[in-house]
Amino acid sequence: MKKVYSSASEALDGVLKDGMLIAAGGFGLCGIPELLLSAIRDAGTKDLTFASNNAGVDDFGIGILLQTRQVKKMISSYVGENAEFMRQYLSGELELEFNPQGTLAERMRAGGCGIPGFYTKTGVGTVIADGKEHKDFDGETYILERGIVADLSIVKAWKADATGNLVFRKTARNFNPPAAMCGKICVVEVEEIVPTGSLDPDSIHLPGIYVHRLIQGEHEKRIEQRTTRAA
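Residues numbered from 1 in each chain as written. Predicted model: local features only at pLDDT ≥ 70, side-chain atom pairs only at ≥ 80, totals over all residues. Heavy atoms only, no water.

Chemist: Which parts of the structure should I look at to understand the pattern of salt bridges?
Modeler: Two side chains of opposite charge can pair, provided their charged atoms sit close to one another. The tally for this structure, following the rule as stated, stands at 15 salt bridges. Linking Arg 109 and Glu 106 is a salt bridge whose minimum nitrogen-to-oxygen distance equals 2.8 Å. With Arg 109 and Glu 106 both in helix H5 (residues 101-112), this residue pair falls three residues apart, about one helical turn. We note a salt bridge from Glu 191 to Lys 156, for which the minimum N-O separation is 2.9 Å. Here Glu 191, found in strand S10 (residues 186-194), pairs with Lys 156, found in strand S8 (residues 152-161); they are 35 residues apart in sequence, far enough to count as distant. On the basis of relative accessibility, which here comes to 27%, the residue Glu 191 falls in the partly exposed class. Residue Lys 156 is classed as buried on the basis of its relative accessible area, which comes to 9%. Through salt bridges that share partners, Arg 69, Glu 84, Arg 87 and Glu 93 make up one connected network. (Salt bridge = Lys/Arg side-chain N within 4 Å of Asp/Glu carboxyl O. Helix = DSSP H or I, 4+ residues; strand = E, 2+ residues; numbered from the N terminus. Buried < 20%, exposed > 50% of the residue type's maximum accessible area, 1.4 Å probe, protein only.)

Structure representation (structure tokens):
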């Protein structure tokens, strides 16, 4: 089966639809599937729900889709660094479902593993627990969290071979593996595609069985917070 496509728009052809749930990798500005997000913007797909740790910044990452009003809901852990996100949320234009970071990562991983839900102590006694099933185990209260199964996963990796085996670079690994796992269709962008068989099997972070489509492209290297001091 062909997995390598020539561009982000080609890789997303026939996949996008209004109102879909998309799981996106990345943490802050690290490991962001920027080429695929730009292609979604250009496609004009709307009423989207994104499961993602955060929404980038105003002009990068999911932030570019907030600018064009293509996102109706975020399932996120951190919503700082994005003035347009704040404006839309406070004005009631954007729905937000807060998740602790560990819970969000596990919801994605669980969905990818066919686990419909799990119990966690994280969030008990807070607004996170509102409306969720509570259950006691060994004298401790837990809440039920549902696994996430997305219509589409978009992720960013460092290297891949033509079968979709992925290697992530350092902290860019972050949410990308669980996001990739939970999508019915997973589309990946990478910096380099290497010959099949050239990757050390023990160095592969995500096997190609999870990857359906793959592109190679140039990526921008951004620093989220630049701190300097006088010499």
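Chemist: Just checking my understanding: could you explain the pairing of S8 for this structure?
Modeler: A regular strand places its side chains on the two faces of the sheet in alternate fashion. Burial analysis of S8 places eight of its ten residues in the buried class, which makes it a mostly covered element. Of the strand pairs in this sheet, strand S1 (residues 21-24) and S8 are connected by three bridges, and their pairing is parallel. Bridge pairing links Ala 24 to Ile 154 in S8. Inspection of the sheet shows S8 paired to S10 by eight bridges, in the parallel sense. Bridge assignment links Lys 159 to a residue of S10, and that residue is Glu 192. Where S8 lies against strand S9 (residues 166-167), two bridges are found, and the strand directions are antiparallel. Within the sheet, the bridge partner assigned to Lys 159 lies in S9 and is Val 167. Hairpin geometry of S8 and S9 is characterised by an intervening segment of four residues between the two adjacent antiparallel strands and by a positive phi of about 95° at Gly 164. (Pairing = 2+ DSSP bridges.)

Chemist: Just to check I follow, could you spell out a nonpolar patch on the surface for this structure?
Modeler: Taken together, the side chains of Met 86, Tyr 89, Leu 90 and Phe 98 define a hydrophobic patch exposed on the protein surface, amounting to about 430 Å² of accessible area. Owing to a relative accessible area of 38%, Phe 98 belongs among the partly exposed residues under this scheme. (Patch = residues over 30% accessible without salt bridge, like charges linked within 9 Å, V, L, I, M, F, W, Y side chains within 5 Å. Areas by Shrake-Rupley, 256 points an atom, 1.4 Å probe, with all protein chains shown as cover.)

Chemist: Help me out: how do you make sense of the environment of Gly 197 in this one?
Modeler: You can see Gly 197 is positioned in the loop between S10 and strand S11 (213-216). For Gly 197 and Ala 162, which are 35 residues apart along the polypeptide, the C-alpha to C-alpha distance reads 9.3 Å.

Chemist: Which parts of the structure should I look at to understand unusual backbone geometry?
Modeler: Here Asp 47, not a glycine, exhibits a phi torsion of approximately 55°, which is positive. By the element assignment, Asp 47 lies in the loop between helix H2 (34-43) and strand S2 (48-51). Note on Asp 47: relative accessible area 39%, which makes it partly exposed.

Chemist: Would you mind showing me how to read the packing of aromatic side chains here?
Modeler: For any two aromatic rings, the description comes down to two numbers: the centre-to-centre distance and the angle of the planes. Inspection of every chain in the model, using the stated rule, returns three aromatic pairs. Centre to centre, the rings of Phe 27 and Phe 175 are 6.4 Å apart; their planes meet at 25°, and the pair counts as stacked. Taken together, the residues Phe 27 in the loop between S1 and H2 and Phe 175 in the loop between S9 and helix H6 (176-181) connect sequence positions 148 residues apart. Take Phe 175: its relative accessible area is 7%, and that puts it in the buried class. Their ring planes at 85° and their centres at 5.5 Å tell us that Phe 137 and Tyr 142 sit as a pair that is edge-to-face. Tyr 142 gets classed as partly exposed once you look at its relative accessible area, which sits at 22%. Ring pairs connect the aromatic residues Tyr 119, Phe 137 and Tyr 142, which therefore count as one cluster. (Phe/Tyr/Trp six-rings, centres within 6.5 Å; stacked < 30°, edge-to-face > 60°.)

Function-wise, these values are silent; they only describe arrangement.
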